[in-house]
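# Tertiary structure, described
Chain by chain, the residues run as shown.
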Amino acid sequence: MRNAIITPLVLLSLALSLLTPLASADDGKGLAIAKERKSRDAGWGDSESLTTMVLRNAAGAESKREMRTAALEMPDDGDKGLTIFDEPRDVRGTAFLNHSHPSSEDDQWLYLPALKRVKRIASRNKSGPFMGSEFAYEDLSSFEIAKFHFNYLRDEACGDSTCLVIEQTPADEYSGYSKSVVWLNQQYYQPEKIEFYDKKHSLLKTLTLQDYQLYLDKYWRPHKLRMVNHQTAKSTDLIIHKISFNTGRTAADFDTNALQRAR
């Protein structure tokens, strides 16, 4: 089996607040596919990774940021994630903490070393850009079924395989998206592509996930993610160089005090 995601930066679902139980009302094929996707990514425990973020403006000029990420699977809750920026110097020490929740507002904090303070990300601000990238704060949470209404659209050829195409409508009124459309590899239930639509129902961004590699004989992780903003012509790549599992991380590594300890 292989499955998608998820490091703290990737992530592929939205941090949604003020939830209504829309997904529970959908007992059709879309919800069944979402449940299968979720079940295939259970049991990985904890992980760490080294990642390069490549930011590209409309003219194609690039800048790079180096970061470390850690993630912890919570059996009765959403995943916890910590991201620490190491380079360049102007962002060194900046740290981002995310606590995903299955059916309530996610908790997110950003530590800014220049100000020496922790800033909580408000629900209505989670559609904003993460560290100047084309990823929004709400893109950085674990995939939680109760935060969406699912609708199966079709099967479609994708590369050498077939994809299940699913529409996901966020339950949160503060989400920056009206919907997303996900292409899941039919064999492994891993996302190949996600289209994000803005509140006016226009295509805003497309995320492609590539270079999947197998870990623990069960979990497949993409090592290259590209988010393209179609409305600004900007893009951001996340290039993951190394992922380690069973590193001994505990919940204590993901509290708000960890942000200020991050080095």
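Residues numbered from 1 in each chain as written. Predicted model: local features only at pLDDT ≥ 70, side-chain atom pairs only at ≥ 80, totals over all residues. Heavy atoms only, no water.

### With respect to the packing of aromatic side chains
Any two aromatic rings considered together are summarised by their centre-to-centre distance and by the angle between their planes. Counted according to the given criterion, the structure contains 10 aromatic pairs. Each ring, one from Phe96 and one from Tyr137, has its centre 5.7 Å from the other, and the planes form 55°; the classification is tilted. Here Tyr137 lies in the loop between strand E6 (117–120) and strand E7 (148–158) and Phe96 lies in strand E4 (residues 95–99), a separation of 41 residues in the sequence. Residue Phe96 shares its accessibility class with Tyr137, and that shared class is buried. Pairing Phe143 with Phe150 gives two aromatic rings, centres 6.1 Å apart and planes at 70°, and the pair type is edge-to-face. (Phe/Tyr/Trp six-rings, centres within 6.5 Å; stacked < 30°, edge-to-face > 60°. Helix = DSSP H or I, 4+ residues; strand = E, 2+ residues; numbered from the N terminus. Buried < 20%, exposed > 50% of the residue type's maximum accessible area, 1.4 Å probe, protein only.)

### Brief notes about empty space enclosed by the protein
Per the stated rule, a full pass over the model turns up 2 cavities of 30 Å³ or more. By volume, the second largest cavity is sized at about 40 Å³. Counting residues per element, the lining of the second largest cavity draws most heavily on helix H1 (residues 29–39), at 4 residues. Split into classes, the residues belonging to the lining of the second largest cavity amount to 7 nonpolar, 2 polar and 1 charged. (1 Å grid on protein atoms, 1.4 Å probe; cavity = no way out; pocket = protein on both sides within 12 Å on 5 of 7 lines; lining within 4 Å. Points joined across faces, edges and corners; volume = space filled by probe spheres on them. Nonpolar A, V, L, I, M, F, W, Y, C, P; charged D, E, K, R; others polar.)

### So, the pattern of salt bridges
Counted by the stated rule, this structure contains 15 salt bridges. Ionic pairing is found between Glu36 and Arg40, a salt bridge with its closest N-O pair at 2.7 Å. Looking at Glu36, the relative accessible area reads 28%, which means it is partly exposed. On the basis of relative accessible area, Arg40 is assigned to the buried category, the value being 13%. Each of Arg56, Glu62, Arg226 and Asp237 takes part in one network of salt bridges that share partners. (Salt bridge = Lys/Arg side-chain N within 4 Å of Asp/Glu carboxyl O.)

### A few points about the confidence of the model for the protein
For the protein, the average pLDDT comes to 87, and 89% of its residues sit at 70 or higher. Contacts of residues 1–27 to residues separated by more than four positions or lying in other chains number 138 contacts, the stretch itself having pLDDT below 50. (pLDDT = per-residue confidence, 0-100. Contact = heavy atoms within 4.5 Å.)

### Structural notes on the state of the cysteines
Two cysteines form a disulfide when their sulfur atoms are joined by a covalent bond. In total, this model carries 1 disulfide according to the counting rule given. Covalent S-S linkage joins Cys158 and Cys163, the inter-sulfur distance amounting to 2.0 Å. Taking the torsion about the sulfur-sulfur bond, which here is approximately 85°, the covalent link between Cys158 and Cys163 counts as right-handed. Taken as a pair, Cys158 and Cys163 share a single burial class, namely buried. (Disulfide = S-S within 2.5 Å.)

### Some details on the layout of surface pockets
Space inside the second largest pocket adds up to approximately 200 Å³. Along the walls of the second largest pocket sit Ser127, Gly128, Pro129, Ser133, Glu134, Phe135, Ala136, Gly176, Tyr177, Leu204, Lys205 and Asn229, which together make up its complete lining. Residues belonging to the lining of the second largest pocket are distributed by class as follows: 5 nonpolar, 5 polar and 2 charged.

### Re the environment of Lys218
Relative to the assigned elements, Lys218 resides in the loop between strand E11 (203–215) and strand E12 (219–229). On the basis of relative accessibility, which here comes to 27%, the residue Lys218 falls in the partly exposed class. When the C-alpha positions of Lys218 and Asp41 are compared, they lie 8.5 Å apart, and in sequence the two are 177 residues distant.

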